[in-house]
Amino acid sequence: MDQFYELKINFKFYGDLQVDIPVAMYNGKKLVAKSLISKEKPQKEIFFTIPKNNFHGYVQIEDNALSYDNTFYFSISKPEKF
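Heads up: these notes are all about the structure in this document. (Residues numbered from 1 in each chain as written. Predicted model: local features only at pLDDT ≥ 70, side-chain atom pairs only at ≥ 80, totals over all residues. Heavy atoms only, no water.)

Things to note about the nonpolar core
Here is a general trend for soluble globular proteins: nonpolar side chains tend to be buried in one another's company. Core analysis: the largest hydrophobic core is formed by 14 residues, its most contacted members being Ile9, Phe11, Val23, Met25, Ile37, Ile46 and Phe48. Each residue touching Ile46, except ones within four places of it in the same chain, is listed here: Leu7, Lys8, Ile9, Phe11, Val23, Ser35, Leu36 and Ile37. (Core = buried A, V, L, I, M, F, W, Y, C linked by side-chain atoms within 4.5 Å. Buried < 20%, exposed > 50% of the residue type's maximum accessible area, 1.4 Å probe, protein only. Contact = heavy atoms within 4.5 Å.)

So, the environment of Ser75
Tracing the backbone shows Ser75 in strand β6 (residues 71-76). Sequence separation between Ser75 and Tyr58 is 17 residues, and the spatial gap between their C-alpha atoms is 8.2 Å. Residue contacts for Ser75: discarding those within four places in its chain leaves Phe55 and His56. Of note is the side chain of Ser75, whose polar atom sits 2.3 Å from the side chain of His56. (Helix = DSSP H or I, 4+ residues; strand = E, 2+ residues; numbered from the N terminus. Polar contact = N/O pair within 3.5 Å; in protein donor to acceptor, adjacent residues only side chain to side chain.)

This is the structure in structure tokens:
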């Protein structure tokens, strides 16, 4: 039985990127993964692997040019048996 989820995040940019953009994933306030979006590609897929446990986190784009709408929240909970 697989013990991990693989999360795919799609990014698409318009205009010219001047630098690579860091992307971070958090579980609560704990940083669990970090990656970079290359300035050479206007479209990118990033994969994060997380354990199959309750996960209440978010993905944050660290872009100085955009000071809002940089955080995307999600929650994964183990289904309850009835």
